[in-house]
Amino acid sequence: MAKKKVTKRSWAEPFKIKVVEPIKMTTRENREKAIIEAGYNTFLLKSDDVYIDLLTDSGTNAMSDNQWAGMMLGDESYAGSKNFYTLWDKIKQYYGMPYFVPTHQGRAAEHMVSQILIKEGDYIPGNMYFTTTRLHQELAGATFVDVIIKEAHNPVSNHPFKGNTDLNKLEDLINKVGAKKIPYVCIAGPVNMAGGQPFSMANLLEVKELCKKHKIKLWFDATRACENAYFIKLREEGYQDKTIAQILKEMCSHFDGLWVSAKKDLMVNIGGILATRNKKVYEEARNMVVIYEGLHTYGGLAGRDMEAMARGMDEMVMFDNIKARVGQVEYCGKRLQEYGVPFVKPIGGHAIFLDAKKFLPHLKQDQFPAQTLASEIYADSGVRGMERGIVSAGRNRDTGEHNYPKLELVRLTFPRRVYTQAHIDVAVESIATVYENRNKIKGLKMVYEPKYLRFFQARFEKL
Ligand code: PLI
């Protein structure tokens, strides 16, 4: 009998499983009922009704034994917890910022940065919007302006750095409104809404030079910065021999300040960071945090949460951890490709973004193709993704009309260290089944719309 020859050596996750959490199997009948009760919004499902949860990678991470051990060392003193000082040291070490305020999660830091830096009538240019970030900027009185390169809005462009800023767009805005009206430029990486796409160091340097020329500050949404560093290491000339920690520090050195939702890179379930090299901004944030979050040495977190964050930072810069994580996303993408399912290219860092416009071309955008697709996938298998299209984009502040984003996507996001390759196979086969039956799928109408961040709570009915 002919024996198979070894032609490759596969990689595997750099960890093994010590604790498991059972998940419930559901029936199609249960799921159809559940999604109607949830108003066809996957955010409104009970997690008990979900089989494989790819809603988000935010706070859904599996912590390591070292992080759990650190939880037992939580110092729950109201003031001056020792875990705060451990965390502060790690922030200096990895992000290179001297000043830091803890927050309960990323958007609390976004709120403070926006309130401190923005005046009514200002403009904030950014490399595509993120939902909570833009809302806090708008609530502080600014108008957000998207200055990302055009390739980012094109789901089939294979540009390796779709998170890059278009220098001409940025300069045009500066010339149009004046540098005094732009308190800071906001750069995120990888860009969540563009499909988890990174920016390059070369582009960041150009943005920094332009900002310096016009005396405009540069702030960083460093929520998934280690994934951005990973793509720089793989794709950008001159970075192959640098560690993730070195690239992260170099990236951060170009910014005046940053915020982080620790619920992503840091592999914890809760937490946020506001860090800066500007003492005045720090002092304002340190004062503001006591109004909204808690004392400046805990910022809405327990001491044990800060310890888990500090220990998570040592793990977030480990190349093999990121390789395994991004490798899972790539595996999912390659398998979906076998069935011809359309999704955003190149495959991003934290998620696969299905292209709902191509998947359901018979639905108009105001029939909510991505919302529809997310609910159909859930009904088929209990796999939960989320809408990242017209619902997430909200309404135009002046006209009240829907914003019609070019990208109408369903995000399948991978919690860190949680699911196995077999879970991904199940998810892929379900999506491929929905794709085979796509012509029969009907759209949705919105029947309830909350004022802010409508994608979280809006309700829909079948057309
Ligand atoms: O969810 P928060 O408040 O800890 O963080 C807000 C936030 C800020 N920036 C970026 C790039 C995010 O991705 C982000 C939160 N993202 C969520 C919840 C997500 O599902 O992607």
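Heads up: the structure comes first, above all this text.
Quantities reported herein were computed from a predicted structural model and do not represent experimental measurements. (Residues numbered from 1 in each chain as written. Predicted model: local features only at pLDDT ≥ 70, side-chain atom pairs only at ≥ 80, totals over all residues. Heavy atoms only, no water.)

(A) Layout of unusual backbone geometry. Each neighbour pair has its own omega, and for glycine 189 with proline 190 the value is -10°, a cis peptide bond. With respect to the helices, strands and loops of the structure, proline 190 is situated in the loop between strand S5 (184-188) and helix H7 (201-213). In this structure, leucine 453 takes a positive phi of about 45° despite not being glycine. Take leucine 453: it is sitting in the loop between strand S13 (444-448) and strand S14 (459-462). Relative accessible area serves as the criterion here: at 21%, leucine 453 is assigned to the partly exposed category. (Helix = DSSP H or I, 4+ residues; strand = E, 2+ residues; numbered from the N terminus. Buried < 20%, exposed > 50% of the residue type's maximum accessible area, 1.4 Å probe, protein only.)

(B) Representation of the site of the ligand. The environment of the ligand is made up of 17 residues, and the closest members are Thr56, Arg107, Asp221, Ser261 and Arg411. One nitrogen or oxygen atom from the side chain of glutamine 105 is found 2.9 Å from an oxygen atom belonging to the ligand. Relative to its unbound accessible surface of 470 Å², the ligand loses 95% to contact with the protein. Split into classes, the residues belonging to the shell around the ligand amount to 2 nonpolar, 8 polar and 7 charged. (Near = heavy atom within 4 Å. Polar contact = N/O pair within 3.5 Å; in protein donor to acceptor, adjacent residues only side chain to side chain. Areas by Shrake-Rupley, 256 points an atom, 1.4 Å probe, with all protein chains shown as cover. Nonpolar A, V, L, I, M, F, W, Y, C, P; charged D, E, K, R; others polar.)

(C) Geometry of the nonpolar core. Core analysis: the largest hydrophobic core is formed by 80 residues, its most contacted members being Tyr95, Leu248, Met251, Leu266, Ile273 and Met316. Counting 31 residues, the second largest nonpolar core, distinct from the first, contains Leu336, Val383, Ile424 and Tyr435. (Core = buried A, V, L, I, M, F, W, Y, C linked by side-chain atoms within 4.5 Å.)

(D) Up close: the packing of helix H4 (residues 106-117) against helix H10 (residues 279-292). Where H4 meets H10, the axes come as close as 10 Å, and the angle between the chain directions of the two elements is 125°. Looking at the two axes, H4 sits oblique to H10. Every pair of crossing elements has a handedness; the one defined by H4 and H10 is right-handed. Between H4, through His111, Met112, Gln115, Ile116 and Leu117, and H10, the contact on the second element is made entirely by Val281, Glu284, Ala285, Met288, Val289 and Tyr292. Within the contact of H4 with H10, the residues separate by chemical class into 8 nonpolar, 2 polar and 1 charged. (Axes fitted to C-alpha atoms, helices over the stretch in contact; angles between N-to-C directions. Parallel < 35°, antiparallel > 145°, perpendicular 65-115°, else oblique. Left-handed = near helix turned anticlockwise from the far one by under 90°. Contact = heavy atoms within 4.5 Å.)

(E) Looking closely at the sheet that holds strand S9 (residues 351-355). In space, the 3 strands of this open sheet follow the order S9-S12-S11, with antiparallel pairing throughout. Each of the sheet's edge strands pairs with one partner strand only, and the pair in question is S9 and strand S11 (386-388). On average, each strand axis in the sheet is tilted by 35° relative to the strand beside it, whichever way the strands run. The sheet contact formed by S9 and strand S12 (residues 409-413) spans 5 bridges and is antiparallel. Across the sheet, the residue bridging to isoleucine 352 is leucine 412, located in S12. (Pairing = 2+ DSSP bridges.)

Remember, this is a structural readout, not a statement about activity or role.
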